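Inside the fold
The residues making up each chain are set out below.
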Amino acid sequence: MEIEMDTSSRTTEVLDTDSDQSLPLPGTEAYESLPQYPKGSPLPFRRTIRKHELRQIVPLAESTIYEMERRGEFPRRFNLTPRCVVWDLAEVEAWIEERKQAPRVNISKPDVYLRKTRPVRAGSSQA
């Protein structure tokens, strides 16, 4: 029993010394000098998002996103595995910022008074 108590007290001492040495904050010079990651590497801060997260960030329909990707107007997705498709979060955020900075030029809406027929939903009956 005495041996167990000694090891637990040593463990507490080790934890106390570790808490005294806190890691530097990201973005500081001390943080950049840490040896864990090579300089200029995009890891570990490069984040990818899946479709459900993208839909929370960009409130567009899936078909609109796909069409914009095809035309080169939206960041392209890529496969992590054959069944897992992701977008680079930094590219999506940059796209959003670009859209925010774009000037709003004369956005023309269709003139509804010039249409010949009124659109009707499929399956609705008009009696």
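Bear in mind the structure is a predicted one, so any value in this text is a computation, not a measurement.

Further remarks concern helix α5 (residues 89–101). Here α5 spans 18 Å end to end across 13 residues, near enough to the 18 Å set by a 1.5 Å rise per residue. The inward-facing, buried residues of α5 contact β1 (48–49), α3 (51–57), α4 (62–71) and β3 (84–88). Its side-chain oxygen at 3.2 Å from the backbone nitrogen of Ala 90, Asp 88 defines the N-terminal cap of α5.

Our next topic: the packing of aromatic side chains. Following the criterion strictly, the structure yields one aromatic pair and no others. Centroid distance Phe 74 to Trp 95: 4.7 Å. Interplanar angle 70°. Geometry classified as edge-to-face. Of the two residues, Phe 74 sits in the loop between α4 and β2 (78–81) while Trp 95 sits in helix α5, which places them 21 residues apart along the sequence. The exposure classification of Phe 74 matches that of Trp 95, with both residues buried.

What follows covers the nonpolar core. Ile 49, Leu 54, Val 58, Ile 65, Met 68, Phe 74, Trp 87, Leu 89, Val 92 and Trp 95 together form the largest nonpolar core, which totals 10 residues. Elements represented by at least two residues in this core include exactly α4 and α5.

About the cut-offs
Residues numbered from 1 in each chain as written. Predicted model: local features only at pLDDT ≥ 70, side-chain atom pairs only at ≥ 80, totals over all residues. Heavy atoms only, no water. Helix = DSSP H or I, 4+ residues; strand = E, 2+ residues; numbered from the N terminus. Expected span 1.5 Å × (residues − 1). Contact = heavy atoms within 4.5 Å. Polar contact = N/O pair within 3.5 Å; in protein donor to acceptor, adjacent residues only side chain to side chain. Phe/Tyr/Trp six-rings, centres within 6.5 Å; stacked < 30°, edge-to-face > 60°. Buried < 20%, exposed > 50% of the residue type's maximum accessible area, 1.4 Å probe, protein only. Core = buried A, V, L, I, M, F, W, Y, C linked by side-chain atoms within 4.5 Å.

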